[in-house]
Amino acid sequence: MRDFTVLGLETSCDETAAAVVHGRAPGPGTILSNIVFSQLEEHAAFGGVVPEIAARAHVEALDSIIEAALTDAAVSPTGIDAVAATAGPGLIGGVMVGLTTAKALALAWEKPLVAINHLEAHALTVRLTGGVGFPYLLLLISGGHCQLLGVHELGQYELYGTTVDDAVGEAFDKVAKLLDLPYPGGPNLELLARKGNPKAFGLPRPMLGREGANFSFSGLKTAVRQIVRAPDFCMSSKADLAASFQASVIASVTDRVAVAMDMFRANGAPGDPALVVAGGVAANGAIRAALSQLANAKGFQIEIPPPQLCTDNAAMIAWAGVEYAQRRRFDDLGIGPRARWPLANTQRRSLESAD
Ligand code: KG4
Ligand code: ZN
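Everything numeric here is computed off the predicted structure, so don't read it as measured data.

Rules used throughout
- Every chain is numbered on its own, with residues counted from 1 as its sequence reads.
- Think of it this way: whatever chain is written first is A, whatever ligand is written first is 1, and the rest follow in order.
- Only residues with pLDDT of 70 or above have their local features reported here, since the model is predicted, and side-chain atom pairs are shown and tallied only from 80 upward, although totals for entire chains, interfaces and linings are computed over all residues.
- By convention in this description, side-chain values take in all heavy atoms of the structure and omit both hydrogens and water.
- Strands here mean DSSP runs of E at least two residues long; helices mean DSSP runs of H or I at least four residues long; both are numbered from the N terminus.
- Expected helix span is computed as 1.5 Å times (number of residues minus one).
- When a residue's accessible area, from a 1.4 Å probe over protein chains only, is under 20% of the maximum for its type it is buried; when over 50% it is exposed; and in between it is partly exposed.
- This arc describes the spread of directions from the helix axis toward the C-beta atoms.
- In this description, contact between two residues means that some pair of their heavy atoms is separated by no more than 4.5 Å.
- Confidence of the prediction at every residue is given by pLDDT, a number between 0 and 100.
- For this purpose, a residue is taken to be near a molecule or strand whenever a single non-hydrogen atom of the residue falls within 4 Å of it.
- Counting of polar contacts relies on pairs of N or O atoms within 3.5 Å, with two restrictions inside protein: one atom must be capable of donating a hydrogen and the other of accepting it, and residues adjacent in sequence are counted only when both atoms are side-chain atoms.
- Where accessible areas are quoted, they stem from the Shrake-Rupley method and a 1.4 Å probe; at the residue level, only the protein chains shown are allowed to cover.
- For this classification, the nonpolar set comprises Ala, Val, Leu, Ile, Met, Phe, Trp, Tyr, Cys and Pro, the charged set comprises Asp, Glu, Lys and Arg, and every other residue, Gly included, is treated as polar.
- Domain limits in this description derive from either an automatic procedure or a database domain assignment.

Asker: Teacher, can you tell me more about helix α7 (residues 218–229) here?
Answerer: The α-helix winds at 3.6 residues per turn, so residues separated by three or four positions along the chain end up facing the same way. The end-to-end C-alpha distance of α7, which contains 12 residues, comes to 16 Å, matching closely the 16 Å that a straight helix rising 1.5 Å per residue would cover. Leu220, Lys221, Ala223, Val224 and Val228 are the residues of α7 that are buried. An end-on view of α7 places all buried positions within 160° of arc, on one side of the element. Along α7, the residues that are exposed and aim more than 90 degrees away from the buried face are Gln226 and Arg229. In this fold, the buried residues of α7 make contact with α5 (168–178) and α8 (238–266).

See the structure below:
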């Protein structure tokens, strides 16, 4: 099997990103360039991502970001083996911009196209960074997603648990807003929580001890809202509330992961399996530490990509492109963007390539 060099594009949310990655499965691969333009400033005034603004910003930024990615990698279009782009799930306007651009490049450069599931790219990032072999247990925690999956093979994912309401990153962002923290909420809430007492407020610990590995965070968010809106609440105790909220999230997440670890083992997982944590919330130091401790206690290896590869980026899209290109799994130019695209049954429209 030979190495592949893939240009990846990511435009599904509020990061416009392009990257060139070189390598072969199971990794690790080499990131030749990784350009991420965050639209934070465009959305900050609205306290969240505005889809129409995001799509326009992608259009404005993408061409020069692609050029920068090729220049940084010192690769010309002839040196690219395939063009990969996020085809979903995500904000449809943004996904259309990236996917259409990738199709145009594939057509102009006469290179194959790989349409990537954004969640799958998060799931495979540890192969790019650490060459982790299948199977592994994946905890995917981001602003839009909160899932526990068995990753058995490329394209074979088994869902153990998902959120019944908010994603964990969404809960962080909403609670941060209640506490008047600047956007984006998650990282700012973590910083504030470091200064607070996690035992100061008795908050609910959602789903603790429940059968199955599902998550729920809306009750916890409501409990925080009630405390903040109470007449006797003083904003000077907001660090304590942030710390207490984060402690509840950690208790809930570690409980759910412990259940999924047992499910994964019952399904015939290897003796020394890996727990992989991916998605933006994996950048949270307190959550990382708690999961490391749990993994240790349960006999799992823990694998967490570096923070800049946990949040949205195009290196992960390019890497997923490498994995599919190597297996000659390409997509035809008729493939459409998808706002929703669950990972557990990743259906691909694939073409076998000629060579
Ligand atoms: O994966 P990502 O960049 O975008 C998607 O949602 O796909 O994740 C962004 C989410 C946001 O909700 C953000 O607040 C959260 O990840 N996040 C964090 C931290 N850093 C990012 N949440 C808690 N603690 C953090 N340090
Ligand atoms: Zn993401």
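Back to the write-up after that little detour.
Asker: Can you help me understand the confidence of the model for the protein in this one?
Answerer: Any segment with low pLDDT has predicted coordinates that should not be analysed in fine detail. The predicted model of the protein has a mean per-residue pLDDT of 92, with 97% of residues at 70 or higher. Here residues 347–355 scores under 50 on pLDDT; set against residues more than four positions off or in separate chains, the count is 26 contacts.

Asker: How do you make sense of helix α11 (residues 315–326) when you look at a structure like this?
Answerer: An ideal rise of 1.5 Å per residue puts 16 Å on 12 residues; α11 measures up with 16 Å between its terminal C-alpha atoms. A large share of α11 lies buried, amounting to 12 of its 12 residues. Arginine 328 occupies a position one or two residues after α11 and carries a positive phi of about 55°.

Asker: Explain the site of ligand 1 here, please?
Answerer: Among the 19 residues in the neighbourhood of ligand 1, the closest are listed as Gly143, Asp173, Glu190, Gly280 and Asn284. Take aspartate 173: an N or O atom from its side chain is 2.6 Å from an oxygen atom of ligand 1. In the model, an oxygen atom of ligand 1 is placed 3.2 Å from a nitrogen or oxygen of the aspartate 312 main chain. Protein contacts shield 87% of the accessible area of ligand 1, which totals 550 Å² for the unbound molecule. The set of elements that each furnish at least two residues to the shell around ligand 1 consists of α4 (118–130), α5 and α6 (185–193). For the shell around ligand 1, the residue count by class is five nonpolar, 11 polar and three charged. Taken domain by domain, the makeup of the shell around ligand 1 includes at least three residues from each of domain 1 (4–126 + 310–345) and domain 2 (134–305).

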